[in-house]
Amino acid sequence: MLFCSGTRIKVHGQNLIDQNQTYVFISNHRSYLDIPVSARSTKNIFKFLAKDELGKVPLLGYIIRKLYITVRRQSMRDRVLSLRKMEVELNKGISVWLYPEGTRNKTDKPLTDFNDGAFTVAINTGKPIAFCTIFDTGKILRPGKLFQLFPGKVDVWWEQPIETKGLSKKDIPLLKERVRNMMVNRIKAFGVSH
């Protein structure tokens, strides 16, 4: 997909990510192109958290059901179950990747509010949070134009991972704010992420 669209990816700070470490990966989310870009931005093995409805798409749905952890966002029970599934994968040494905004950011804000899920899972398992900011995927694959790709360059900026060992659920708001602020600062420093 990336090759066919003429998408070039430049990853900054990849040396900050230990290939032998298990992480809770997070990033911003502007475009469906973020998914293959995320996969190309690290050599670590991981599973995405994906919407359950994507598992019903022909062919793609089969891949998603096999390689992703799916969640029905409308169901509180299913969301709790997906957290447990992620914790199982992390404890087996397989990283997980979440978009803490919950869905694609279609606003003019650099980031929308973060959900607690990624931070809860990281604290419950004691795994570090590794986070990056993705730039310009929305210019290459625009919202509502699923099959209309434009050539271009995507930059991915990794930050120093944050340890969560010794933290508890009461630390989630501050941890969430810290990560979000660092990503907003990266967006302001590099340019608007669209």
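Preceding this section is the structure that the text describes.
Because the structure is a prediction, the values reported are computed rather than measured. (Residues numbered from 1 in each chain as written. Predicted model: local features only at pLDDT ≥ 70, side-chain atom pairs only at ≥ 80, totals over all residues. Heavy atoms only, no water.)

**Some remarks on the overall build of the protein**
Scanning the protein for helices and strands turns up seven helices and seven strands. Starting at the N terminus, the α and β elements of the protein follow one another as α-β-β-α-β-α-β-α-β-α-β-α-β-α. In the protein, buried positions account for 47% of the 194 residues. Intrachain contacts of the protein at a sequence separation of at least 6 include 71% that bridge at least 24 residues. When the accessible surface of the protein is summed, it comes to about 10,400 Å², and 53% of that surface belongs to carbon and sulfur atoms. (Helix = DSSP H or I, 4+ residues; strand = E, 2+ residues; numbered from the N terminus. Buried < 20%, exposed > 50% of the residue type's maximum accessible area, 1.4 Å probe, protein only. Contact = heavy atoms within 4.5 Å. Areas by Shrake-Rupley, 256 points an atom, 1.4 Å probe, with all protein chains shown as cover.)

**What about helix H5 (residues 117-125)?**
In terms of residue burial, H5 counts as a mostly covered element, since seven of its nine residues are buried. Among all positions in H5, only Ala 118, Phe 119, Thr 120, Val 121, Ala 122, Ile 123 and Thr 125 are buried. Two residues or fewer past H5, Gly 126 is found with a positive phi of approximately 70°.

**Considering the packing of aromatic side chains**
A complete count under the given rule lists 12 aromatic pairs for this structure. On the numbers, 5.0 Å between centres and 85° between planes, the contact of Phe 46 with Phe 48 is edge-to-face. Like Phe 46, the residue Phe 48 is buried in the burial classification. Between Trp 97 and Trp 158 the ring centres are 5.8 Å apart and the planes differ by 70°, which places this aromatic pair in the edge-to-face class. Of this pair, Trp 97 sits in strand S5 (residues 95-98) while Trp 158 is found in strand S7 (residues 152-158), placing the two residues 61 residues apart along the sequence. Classification of Trp 97 as buried rests on a relative accessible area of 0%. Since its relative accessible area comes to 2%, Trp 158 is described here as buried. (Phe/Tyr/Trp six-rings, centres within 6.5 Å; stacked < 30°, edge-to-face > 60°.)

**Description of the side chain of Thr 137**
By the secondary structure assignment, Thr 137 is in helix H6 (residues 137-140). Judged by relative accessible area, which is 1%, Thr 137 ranks as buried. At a separation of 2.6 Å, a polar atom in the side chain of Thr 137 contacts the side chain of Asp 34. (Polar contact = N/O pair within 3.5 Å; in protein donor to acceptor, adjacent residues only side chain to side chain.)

**So, unusual backbone geometry**
With glycine set apart, most residues show a phi of negative sign, and most peptide bonds adopt trans. Despite not being glycine, Asp 136 shows a phi value in the positive range, around 80°. Mapping Asp 136 onto the fold places it in the loop between strand S6 (129-135) and H6.

**With respect to the pairing of S7**
Of all seven residues that make up S7, six are buried, and the element is covered over most of its length. Direction of pairing for strand S1 (residues 7-12) relative to S7: parallel, over a ladder of six bridges. Bridged to Thr 7 within S7 is Gly 152. When S6 meets S7, the two strands line up antiparallel, connected through four bridges. (Pairing = 2+ DSSP bridges.)

**What to know about the environment of Lys 92**
Counting through the fold element by element, Lys 92 comes out in the loop between helix H4 (76-91) and S5. For Lys 92 and Thr 22, which are 70 residues apart along the polypeptide, the C-alpha to C-alpha distance reads 9.1 Å.

**Considerations on the pattern of salt bridges**
Here the structure, examined in full by the defined rule, presents seven salt bridges. A salt bridge links Lys 47 to Glu 89; its shortest N-O distance comes to 3.4 Å. Pair noted here: Lys 47 is in strand S3 (residues 46-51) and Glu 89 is in helix H4, with a separation of 42 residues, a long-range link. The partner of Asp 116 in a salt bridge is Lys 176, and the shortest N-O contact between them spans 2.5 Å. With Asp 116 in the loop between S5 and H5 and Lys 176 in helix H7 (residues 172-190), the pair connects residues that are 60 residues apart, well separated along the chain. By relative accessible area, which is 36% here, Asp 116 ends up partly exposed. (Salt bridge = Lys/Arg side-chain N within 4 Å of Asp/Glu carboxyl O.)

Functional significance is not addressed by these values, which are geometric in nature.
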